[in-house]
Amino acid sequence: MALANCSRCGRLFNKMHRDVCPKCYEEEEELLRQTQDYLRDNRQAHLFEIVDALDIEQWMIEKWVKEKRINLITTEDQKAVRQCTECGRKLKETDVGAICKTCQLKKLMKKGAQSPKAAEKEEEKKEEARGMYFKKRD
Ligand SMILES: [Zn+2]
Ligand SMILES: [Zn+2]
């Protein structure tokens, strides 16, 4: 038998296949289970969301992803799957809020604006007034 120091807590343990001691291994497995549960309920969860929600170290989650024990969507995927809550259309990166430009305009039209163009102008004015208008300009 080979004694080794646990790579997590430094305790001496009887090294078999792992480089962490049985206690740390158990702890890690428990955290992994929690992460898997969390991901089952929150498929779109981002790495940092899990770190916050479950109080798990980021490197651990990254390790599990590498070991393919959990599947995390990447930031790119997450951008791609953002959908308009009104019509289900995929939102663009530039879309602010939870609904698409078309639905935003439709809502404004209902409020009595003359045309989509006019509605857009109205909205831009409002957003500018609120200081929330992030049009990409360099
Ligand atoms: Zn340990
Ligand atoms: Zn929409």
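Since we're looking at a predicted model, the values are computed, not measured. (Residues numbered from 1 in each chain as written. Chains lettered and ligands numbered in written order. Predicted model: local features only at pLDDT ≥ 70, side-chain atom pairs only at ≥ 80, totals over all residues.)

(A) Quick peek at the overall build of the protein. Scanning the protein for helices and strands turns up 6 helices and 2 strands. Beginning at the N terminus, the succession of helices and strands in the protein can be written as β-β-α-α-α-α-α-α. The buried share of the protein, taken over its 138 residues, is 6%. Restricting to contacts in the protein with at least 6 residues of sequence separation, those with at least 24 account for 19%. (Helix = DSSP H or I, 4+ residues; strand = E, 2+ residues; numbered from the N terminus. Buried ≥ 20, exposed ≤ 12 C-beta atoms within 10 Å, placed from the backbone. Contact = placed C-beta atoms within 7 Å.)

(B) Region of the structure containing the packing of helix H1 (residues 22-41) against helix H2 (residues 47-54). Orientation of H1 relative to H2, taken along the N-to-C sense of each, is 120°, at an axis distance of 11 Å. As judged from the angle between their axes, H1 and H2 are oblique. Taken as a pair, H1 and H2 cross one another with a handedness that is right-handed. For the pair H1 and H2, contact is made by Gln34, Thr35 and Tyr38 and by Ile50, Ala53 and Leu54, respectively. (Axes fitted to C-alpha atoms, helices over the stretch in contact; angles between N-to-C directions. Parallel < 35°, antiparallel > 145°, perpendicular 65-115°, else oblique. Left-handed = near helix turned anticlockwise from the far one by under 90°.)

(C) Highlighting the environment of Cys21. Among the structural elements, Cys21 can be located in the loop between strand S2 (12-15) and H1. Measuring from C-alpha to C-alpha, the distance between Cys21 and Arg8 comes to 8.0 Å, with 13 residues separating the pair along the chain. Beyond its immediate sequence surroundings of up to four residues, Cys21 is in contact with Cys6, Cys9, Arg11 and Phe13.

(D) Structural context of the pairing of S2. Sheet analysis places strand S1 (residues 2-5) next to S2, joined by 4 bridges and oriented antiparallel. Directly across from Ala4, in S2, lies its bridge partner Phe13. The hairpin turn running from S1 into S2, its antiparallel successor, is 6 residues long, and Gly10 in that turn takes a positive phi close to 85°. (Pairing = 2+ DSSP bridges.)

(E) Region of the structure containing the environment of Arg11. On the secondary structure map, Arg11 appears in the loop between S1 and S2. With 10 residues separating them along the chain, Arg11 and Cys21 place their C-alpha atoms 7.2 Å apart. Filtering out sequence-adjacent residues up to four positions away, Arg11 remains in contact with Cys6 and Cys21.

(F) Geometry of the confidence of the model for the protein. Here the protein averages 83 in pLDDT, while 83% of its residues score no lower than 70. Here helix H4 (residues 75-81) is the element of the protein with the lowest mean pLDDT, 62, and H1 is the one with the highest, 95. (pLDDT = per-residue confidence, 0-100.)

(G) Structural detail: unusual backbone geometry. One non-glycine residue, Asp55, lies in the positive phi region at around 60°. By the secondary structure assignment, Asp55 is in the loop between H2 and helix H3 (58-66). Taking the C-beta count within 10 Å as the criterion, Asp55 has 9 such neighbours and is therefore assigned exposed. Even without being a glycine, Lys68 presents a positive backbone phi close to 60°. Tracing the backbone through its elements, the reader meets Lys68 in the loop between H3 and H4.

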